[in-house]
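Here's the letter readout for the chains.
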Amino acid sequence: MLRFKNYIHERRTKKYLAKSLYEMIKIQNVYFDSYLKEDFLSKKYVYARILHKRTMSFFRAIQHARELIQKDLNYTVMLSKIECLYEVICSTHLLRYRVNEYSVFEICARELRGLEKTSSELLTHLAKSFFEKNVIVKIDDYLDAIHSFETIYNHTLQVVVRDPVVFLFFIQDLYALQELMVKSDEW
Amino acid sequence: MNGKIILNNQIRHLIRVIFASLIALMICYYFSFTPFGWLLFATIFVMLTPTGSALFQGLLRFFLLVGIVTIGSLLFSSASLFYTTVNEITLGAVIGIIINVLVIPDRVNVEFCRAVTPILQSYANYFSGIVELLITHQPGNTDKDKIIVESNLQRMPSWVYEPGLDIAMQKGYRYFFMKLAHVGEILFAMHHLARYHFNEDLLSEIKQSLMQSVLRVEQFIAALITLLELKKLTEGVIDFYDEIVMIEENFKKTVPHSLELLDVDKQHVYFAEFIYDLKDLRNALILLAKALRQQSSKEIKNI
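The numbering scheme is per chain: residues are counted from 1 as the chain's sequence reads. Think of it this way: whatever chain is written first is A, whatever ligand is written first is 1, and the rest follow in order. Whole-chain, interface and lining totals are the exception, using all residues; otherwise, since this is a predicted model, local features are given only for residues with pLDDT of at least 70 and side-chain atom pairs are given and counted only at 80 or more. Side-chain measures were taken over the full set of non-hydrogen atoms in the model, leaving aside hydrogen atoms and water.

(A) Molecular detail of the pattern of salt bridges. For this document, the term salt bridge refers to a Lys or Arg side-chain nitrogen within 4 Å of an Asp or Glu carboxyl oxygen. Tallied over the entire structure, the rule returns 20 salt bridges over all chains. With a closest N to O distance of 3.5 Å, K43 of chain A and D39 of chain A form a salt bridge. Two residues, D277 of chain B and R98 of chain A, come together in a salt bridge whose shortest N-O distance is 2.4 Å. One end of the pair, D277 of chain B, is in helix α12 (residues 266-302); the other, R98 of chain A, is in helix α4 (residues 95-98), on a second chain. Each member of the pair, D277 of chain B together with R98 of chain A, is buried. Here the salt bridges do not stand alone but share partners, grouping R66, E83 and E87 of chain A together with K146, E150 and R195 of chain B into one network. Only DSSP runs of H or I with at least four residues qualify as helices, and only runs of E with at least two residues qualify as strands; both kinds are numbered from the N terminus onward. Exposure categories follow from relative accessible area, calculated using a 1.4 Å probe and restricted to protein chains: below 20% of the type maximum is buried, above 50% is exposed, and the middle band is partly exposed.

(B) Region of the structure containing the interface of chain A and chain B. Two residues qualify as a contact provided that any one of their heavy atoms is within 4.5 Å of a heavy atom in the partner residue. At the interface, 36 residues of chain A touch 36 residues of chain B. Of the roughly 3,200 Å² buried between chain A and chain B, counting both surfaces, carbon and sulfur atoms make up 60%. Taken together, the links from chain A to chain B amount to 7 salt bridges. The salt bridge partner of R195 of chain B is E87 of chain A, with a shortest N-O separation of 2.4 Å. Polar contact is the term for a pair of N or O atoms within 3.5 Å; when the atoms are in protein, one must be able to donate a hydrogen and the other to accept it, and sequence-neighboring residues count only if both atoms are side-chain atoms. Taken together, the connections running from chain A to chain B amount to 12 residue pairs in polar contact (both at pLDDT 80 or more). Of all the secondary-structure elements, those providing two or more residues to the side of chain A that touches chain B are α2 (44-71), α3 (76-92), α4, α7 (140-160) and α8 (165-182) of chain A. Looking at the side of chain A that touches chain B, the element that brings in the most residues is α2 of chain A, giving 12 residues. Put simply, buried area is how much 1.4 Å-probe accessible surface two parts lose in total, over both of them, once they are put together.

(C) Structural context of empty space enclosed by the protein. All names here are of chain B. A 1.4 Å probe that fits but cannot get out identifies a cavity on a 1 Å grid over protein atoms alone, an open set with protein on both sides within 12 Å along at least five of seven lines counts as a pocket, and a residue lines either if it has an atom within 4 Å of a point. Grid points are joined across faces, edges and corners, and a volume is the space filled by probe spheres set on the points. This model, assessed by the stated rule, comprises 1 cavity of 30 Å³ or more. Taken as a whole, the largest cavity encloses approximately 40 Å³ of empty space. Every residue lining the largest cavity is listed: Y123, A124, F127, V183, L187, V217, I221, L281 and L285. Broken down by secondary-structure element, the contributors of at least two residues to the lining of the largest cavity are α6 (108-136), α8 (167-194), α9 (200-228) and α12. In terms of residues, the lining of the largest cavity owes the most to one element, α6, which gives 3 residues. Amino acids outside the nonpolar list (Ala, Val, Leu, Ile, Met, Phe, Trp, Tyr, Cys, Pro) and the charged list (Asp, Glu, Lys, Arg) are all regarded as polar, and Gly is one of them. A class-by-class count of the residues in the lining of the largest cavity yields 9 nonpolar, no polar and no charged.

(D) Structural detail: the environment of T234 of chain B. Relative to the assigned elements, T234 of chain B resides in the loop between α9 and α10 (241-254). On the basis of relative accessibility, which here comes to 82%, the residue T234 of chain B falls in the exposed class.

(E) Representation of the layout of surface pockets within the structure. In this structure, the largest pocket encloses a volume near 710 Å³. Together, 35 residues line the largest pocket, and F40, K44, R96 and Y97 of chain A together with M178 of chain B are the ones closest to its centre. Mapped onto the lining of the largest pocket, the elements with two or more residues apiece are α1 (2-36), α2, α4 and α5 (102-107) of chain A together with α8 of chain B. Of the residues assigned to the lining of the largest pocket, the class counts are 24 nonpolar, 6 polar and 5 charged.

In structure tokens, the structure reads:
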């Protein structure tokens, strides 16, 4: 009976941790929409509302996970990593407040799409790894996407953008995100 | 105590619903046309609206009910049922909407202030925790402060995004809401950067300025709360521009000035980012204060 109870508790903890990762993907998608969708500036409040809803869902999921982990400390490391991931994602996407020209994002749209796709795939793999044992988290595609963004930063953005240092911060945060996700064997 | 209760929008809403239900029940008892209690149902249904948009959302809900009844009547081909039900729904909706709009109506500004004040206060504590973490490398209460910020953010007044809120106020509230979320994101970003171990010499140089900026942020947020409550500020507020300049100067002394060289060391990039976040925080707080001043002048005009 006790074993069954522990099993249920563990499943629920994993469920909420995975859910928080899925919500994080949705949050990231809204952030990338702000760079990639032309109507972002005219529909600022619509996007802000969507972002608010998704952020609240993430907070709820992480809060549930936190409550469950208080009773069983097995997943503390994972929880703190997810919390750090969210902080790094927030830091990364402060870029959207710092660059007001849509044309700048048009220059690197392909690279941004690559980053969105690969980071979402990575987070999905991490979420799946809670339930499936043989999930391989491929970091290479994400690293390639960062490198191609870094290339366009060195060749174009550094010259074109008024305050290029914000893109340097963006790249540094992308690496921080990668560092957090790459240690998937510890998850 | 009574004042506090009557200021609480949820209680005001509950009183309105009970009052309207009593009137609807009386009308049902004396002039009931159908046995299903459509009148009472419509009265309550049109009153279940988010804060500040009683008329618009009430009308929307009324049209929704009429639509459902119309489809039902078409399916069961009963014209008499349609007329009597629509009559009752209309009467119920009129009672519900009128009472929802006129009897102890929502106090949007009070509700907004009630929801926003704890968020601002938790931001001040969280910022102080982040600075402590940066200087001492001890998490202390930072994680607890973060949890408080998260739970307060969940109580943010998301009804500002609902259609039907007073158009004159809507834009200001939404802008304030967005800026508030922006400040939250900046603080989360700073928390990530504060975890990094920076050069101890640099930290000891800027310690004083950082502690001073914590004080300034607390004062600034206290001033924002005073403005939110539509009270007058007793003294001027100094923002932390001088402290940021001081931190930046100390940082420039220890690191290379050019961007290309900054790239070399991760520590330098992180610290430069921390300073940038500080500037963003200052700007966001100033924009919040500006938005608040405009909003309060609009509210005073409306009064």
